[in-house]
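Here is how the chains run, residue by residue.
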Amino acid sequence: MNKLEKVKIMIDGLEIEVEKGTTVLEAAKEVGIHIPTLCYLKNVNEPSSCRACVVEVGPRLIASCTLKAEDGMNIKTNTKKVREARKTVVELILSDHKRECTSCLRNEKCELQSLANNLNIRELRFEGERTRAEIDYSSPAIVRDIEKCILCGRCIATCSNVQTVNAIGFINRGFGTIVGPSFDKPLADSVCINCGQCILACPVGALYEHENINDIWREIENPDKLVVVQTAPAVRVALGEEFGLPIGTRVTGKMVAALRKIGFDKVFDTDFAADLTIMEEGTELIKRLETGENLPLMTSCCPGWVKFVEHNFPNMLENLSTCKSPHEMEGALIKSYFAKRMNVDPKNIVVVSIMPCTAKKFESQREELSNQQMQDVDYVLTTRELAQMIKEAGIDFVNLKDEEFDNPFGEATGAGVIFGATGGVAEAALRTVFELVAGKDLDTVDFNAVRGIEGIKEATIELPNGAVINTAVINGLGNARKVMELIQKGEKNYQFIEVMACPGGCINGGGQPIVDKETRENIDVKIARSKAIYDEDKSLPIRKSHKNPYIKKIYDEFLGEPNSHLSHQLLHTNYVAREKF
Amino acid sequence: MEQTQTMCCNCGNQQDERNDKLNELIQKYRDVKGGLIPVLHGVQEIYGYLNEDALKVVSEELAVPMSEIYGVATFYSFFSLEPKGEHVIRVCLGTACYVKGAQQVLDKLSEKLNVEVNKTTEDQKFTLEASRCLGACGLAPVIMIDDDVYGKLTPEMVDEILEKYNK
Ligand code: SF4
Ligand code: SF4
Ligand code: SF4
Ligand code: FES
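Worth saying up front: this structure is predicted, and the values here are computed from it rather than measured. All chains use their own residue numbering, which begins from 1 and follows the written sequence. To read the labels, note that chains go from A and ligands from 1, taken in the order they are written. It should be noted that, the model being predicted, local features are given only for residues of pLDDT at least 70 and side-chain atom pairs only at 80 or more, the latter also being counted only at that level, while totals for whole chains, interfaces and linings use all residues. Only hydrogens and water are set aside; all other atoms, that is, all heavy atoms of the structure, feed into the side-chain values.

## Concerning the overall build of chain B
Scanning chain B from terminus to terminus reveals seven helices and five strands. The secondary structure elements of chain B, listed N-terminal to C-terminal, are α-α-α-α-β-α-α-β-β-β-β-α. For chain B, the spread of C-alpha atoms along the principal axes amounts to about 55 × 45 × 20 Å. Residue burial in chain B is summarised as follows: out of 167 residues, 41% are buried. In what follows, residue pairs with any heavy atoms lying within 4.5 Å of each other are defined as contacts. In chain B, once contacts between residues fewer than 6 apart in sequence are set aside, the share between residues at least 24 apart is 60%. By the counting scheme adopted, Arg and Lys are positive, Glu and Asp are negative, and His together with the chain ends is not counted. Throughout, a charge is located at the NZ atom of Lys, the CZ atom of Arg, the CG atom of Asp or the CD atom of Glu. Charged side chains of chain B number 17 positive and 27 negative; the gap between the two group centres comes to 7 Å. In DSSP terms, a helix is any run of H or I states spanning at least four residues, a strand is any run of E spanning at least two, and both are numbered starting from the N terminus. Type-normalised accessible area, obtained with a 1.4 Å probe on protein chains alone, sets the label of each residue: buried when under 20%, exposed when over 50%, and partly exposed for intermediate values.

As structure tokens, this is what we get:
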């Protein structure tokens, strides 16, 4: 390997040596000098357009985020000229920004707010024309408030380059520029798949989830309603962050306690249904392997991915597993099996899912996901919304005593837990398929080949009966598109594909706590949260879905067997082809 | 009656012809870097405006996302996303015209033609546009229909002028 070339530069009087190609922004960081940025999102969005990061190089002011360090450069980051230029940049942005920090969803988590504060902006010298636009509430998942948009382009780059969904872009020019879907359509009528990655990318409060907090309070207040909540695996490893706990802290027990304090009548675990999904999907896989039809089997628990297939690969809808996603299965069972057991009219049951995900909000409203004119799930709240409710209720979260989930949907195995991490569904399915085919127990339950946060992983697994499963585990839709195109060209051949729309899987879902850009540059959030997921898996006594005693019970008492008629009616679904544009 | 029929027929032919032209255009630029802008110019020439269905074909064939195409189409003012009528009426709303009652003239036109500003009449005959200063302030208020200039207008004069184009 070539020895890396070094260059010597001077920053604020300090001489440093950095690798050639390093930006001035990164070089400064190495010596502990902080330069503010706004439009810059490392490796995703580097348009050098906002100029919040200017530094003095000789007589000139240059944006440091994309400026490559060159031998002999003399850089100043803290001069009157620099400070004033940055102030002007931010003041100009603020002059066309709907400033309502106290009632903004991103209050205290807004990069513009903290930058204005750090730059000591106390009065605005410019007051000019304001962009006016209605808030776009059309989508059940994502809300767009153009009046707060600072046109940094981070959402567009994320949606186009990372996710390859291309739902939004810059429209018009000059002062009239806005961000939105083509033909100025409402977001709900676009190809947006509701992943919410744009929310995580947005530095301000211009993009956020379609909130349902007040709906939940209203249902809880209603004495006629039995309000039941279930929580996805990825929520418990991230919720603590909203209360100052380190990234990667597991707060399962506290979360359960908080949900009871909020006033939910039953607190269930979606992981139970994840185990059920494995039984159903594993059986489906074994059947498809036998008949050779509709392979590869593609997972269907991520509604972002499902909608992506519906828009972009409608000729492969048959390959999607017909299984509903776990929380939808659980909702369907709550309104049938559980309602019967409790002797309550299912119409009086409200099912709320706490999810790391904004796409689940859209999913829960799909008409395919209902039974006898009742939606399986009534409301979906994101991890962030739950944190908000806990705060609103005045609960001292950090000091809560651990509590346990309610049964019958409270018991889950490690296999159900790892659904929250990329590769988790595949691993859980393999654990079960392997033993079902072998007809005996296995010692090894860890399929390490499918773990890890890389975008595309492949593994070949030979089943005890000699059948071979070529598996691809994918996270991030840009990666999924690549693999799908290879499959369509016949260059790849798989039997089983797991896809999670969000980079890193649900642990990094669009409904998870916002982690500011600087923390993200220092800690890999995906690794920290997924480690917590696998720790939880390890900590559970049962780690294979088909060994969950409550799963056995529900098949014995109610469903019969996996893929039975009743299972199909309650736990399976179908998909629709959607327009490509 | 007969006339209407022939028109319909032509319409169909025209459609095919346009599609052929669009395909030709795309073939020409398919592998050309920066081919999007010339293709959009071509589409506008063929259809008179950037027709949504044609843009879908362009997006598919050139493998450029629609979000990007729409961005370009709205960035440059010479692209139009609305079909243009046979005649384009531009009403100057520059300061001079405005103070001399251009808005009333515009309102009258809009009412008379039953069309919103920056839209085209249903029969595709007129497009009504509000425009920046047309540079004929001495004649304020001014409108232009295609290349003809009409000055010192009052709302009452609108009927007579439109007559000429309604033949
Ligand atoms: S939610 Fe996902 S698909 Fe929709 S605009 Fe945002 S990034 Fe794009
Ligand atoms: S919506 Fe947010 S991320 Fe997108 S351009 Fe506006 S400020 Fe930037
Ligand atoms: S990966 Fe998970 S969080 Fe992201 S869209 Fe899919 S289900 Fe939702
Ligand atoms: S952060 Fe450097 S120009 Fe925006």
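## A short note on the site of ligand 1
The immediate surroundings of ligand 1 are formed by A:Ile142, A:Cys159, A:Val165, A:Cys192, A:Ile193, A:Asn194, A:Cys195, A:Gly196 and A:Cys198. Under the convention adopted here, Pro, Cys and the residues Ala, Val, Leu, Ile, Met, Phe, Trp and Tyr are nonpolar, Asp, Glu, Lys and Arg are charged, and Gly plus all remaining residues are polar. Tallied by class, residues from the shell around ligand 1 come to seven nonpolar, two polar and no charged. Nearness of a residue to a molecule or strand requires only that one of the residue's heavy atoms be within 4 Å of it.

## Focus on the sheet that holds strand E3 (residues 54-57) of chain A
Residue and element names in this part refer to chain A. In short, DSSP must find at least two bridges between two strands for them to pair. The five strands are arranged E2-E1-E5-E3-E4 in an open sheet whose pairing can be described as mixed. Each edge of the open sheet carries a strand with a single partner, namely strand E2 (14-19) and strand E4 (60-63). When the angles between neighbouring strand axes are averaged without regard to direction, this sheet yields 40°. Here an axis means a line fitted to C-alpha atoms, over the contact stretch when the element is a helix, while the angle between two N-to-C directions is reported on a 0 to 180 degree scale.

## Focus: the layout of surface pockets
The rolling of a water-molecule-sized probe over the atoms marks out the regions of remaining empty space. All names here are of chain B. Think of a 1 Å grid over the protein atoms and nothing else: a 1.4 Å probe that fits but is trapped marks a cavity, an open set flanked by protein within 12 Å on at least five of seven lines marks a pocket, and residues with an atom within 4 Å of a point count as lining. Grid points are joined across faces, edges and corners, and a volume is the space filled by probe spheres set on the points. Its volume calculated, the second largest pocket comes out at about 1100 Å³. Lining the second largest pocket are 25 residues, with Ser-77, Phe-79, Ser-80, Lys-84 and Asn-118 sitting closest to its centre. For the lining of the second largest pocket, the elements supplying multiple residues, two or more each, are helix H4 (66-75) and strand E3 (126-131). Looking at the lining of the second largest pocket residue by residue, the class counts come to 10 nonpolar, nine polar and six charged.

## Notes on the domain arrangement of chain A
Residue and element names in this part refer to chain A. The split of the chain into domains comes from an automatic or database domain assignment. Considered domain by domain, chain A is made up of domain 1 (6-93), domain 2 (96-123 + 131-209) and domain 3 (214-571). The centre of domain 1, based on its C-alpha atoms, is set 43 Å off from the matching centre of domain 3. At the interface, six residues of domain 1 touch four residues of domain 3. Each of two parts loses accessible area, computed with a 1.4 Å probe, when they are put together; buried area is these two losses added. The junction of domain 1 with domain 3 conceals about 410 Å² of combined surface from both sides, 41% of it contributed by carbon and sulfur atoms. Three residues, Lys-29, His-34 and Thr-37, lead the burial of domain 1 against domain 3; their summed loss comes to 64% of the area buried on that side. Just to be clear on terms, a salt bridge is a Lys or Arg side-chain nitrogen sitting within 4 Å of an Asp or Glu carboxyl oxygen. Counting across the interface, domain 1 meets domain 3 through one salt bridge. When the shortest N-O distance is used, the salt bridge between Lys-29 and Glu-521 registers 3.6 Å.

## Side note on the packing of aromatic side chains
Residue and element names in this part refer to chain A. Under the pairing criterion, centres of Phe, Tyr and Trp rings, with the six-membered ring standing for Trp, must be within 6.5 Å; the plane angle then separates stacked pairs below 30 degrees from edge-to-face pairs above 60, leaving the rest tilted. Per the stated rule, a full pass over the model turns up 14 aromatic pairs over all chains. Seen in terms of ring centroids, Phe-272 and Phe-409 are 5.1 Å apart; in terms of plane orientation they differ by 50°. Their pairing is tilted. Of this pair, Phe-272 sits in helix H8 (residues 270-291) while Phe-409 sits in the loop between helix H12 (383-392) and helix H13 (414-417), placing them 137 residues apart in sequence. Exposure class is identical for Phe-272 and Phe-409. Each is buried. Through a chain of ring-to-ring contacts, the aromatic side chains of Phe-268, Phe-272, Tyr-337, Phe-338, Phe-409 and Phe-558 assemble into a single cluster. The side chain of Lys-307 reaches across the aromatic face of Phe-362, ending 5.3 Å from its centre. Over the face of the ring belonging to Phe-243 we find Lys-391, whose NZ or CZ atom lies 5.6 Å from the ring centre. Two limits define a charge over a ring: the Lys NZ or Arg CZ must be within 6 Å of the ring centre, and within 35 degrees of the ring normal.

## Re helix H2 (residues 80-95) of chain A
Residues and elements named next belong to chain A. Between its terminal C-alpha atoms H2 stretches 22 Å, which fits the 22 Å expected from 16 residues at 1.5 Å a residue. Among the residues of H2, those classed as buried are Val-82, Ala-85, Arg-86, Val-89, Val-90, Glu-91, Ile-93, Leu-94 and Ser-95. On its buried face, H2 is in contact with E3, E4, strand E5 (74-76) and helix H3 (111-118). Multiplying 1.5 Å by the helix residue count minus one yields the expected span of that helix.

## Some words on the site of ligand 2
Neighbouring residues of ligand 2: A:Cys149, A:Ile150, A:Leu151, A:Cys152, A:Gly153, A:Cys155, A:Val179, A:Cys202, A:Pro203, A:Val204, A:Ala206 and A:Leu207. Counted by class, the shell around ligand 2 contains 11 nonpolar, one polar and no charged residues.

## Here we look at the interface of chain A and chain B
Tallying the contact residues gives 14 residues for chain A and 14 residues for chain B. Of the roughly 1300 Å² buried between chain A and chain B, counting both surfaces, carbon and sulfur atoms make up 60%. Ranking the residues of chain A by area buried against chain B places A:Arg173, A:Phe183 and A:Phe581 at the top, with a combined share of 51%. Linking chain A with chain B are three salt bridges, by the criterion used here. Here B:Glu52 makes a salt bridge to A:Lys185, at a shortest N to O gap of 3.8 Å. Residue classes in the side of chain A that touches chain B are distributed as five nonpolar, four polar and five charged.

## Remarks on the packing of helix H6 (residues 213-221) of chain A against H12(A)
Residues and elements named next belong to chain A. Packing of H6 against H12 leaves a shortest axis separation of 10 Å and a crossing angle of 55°. The angle between the axes of H6 and H12 places the two elements in the oblique class. Here H6 and H12 pass one another in a crossing that is right-handed. Between H6, through Ile-213, Ile-216 and Trp-217, and H12, the contact on the second element is made entirely by Glu-385, Gln-388, Met-389 and Glu-392. Between 65 and 115 degrees an angle is taken as roughly perpendicular, under 35 as roughly parallel, over 145 as roughly antiparallel, and anywhere else as oblique. For a crossing to be left-handed, the near helix must be turned anticlockwise from the far one by less than a right angle; the clockwise case is right-handed.

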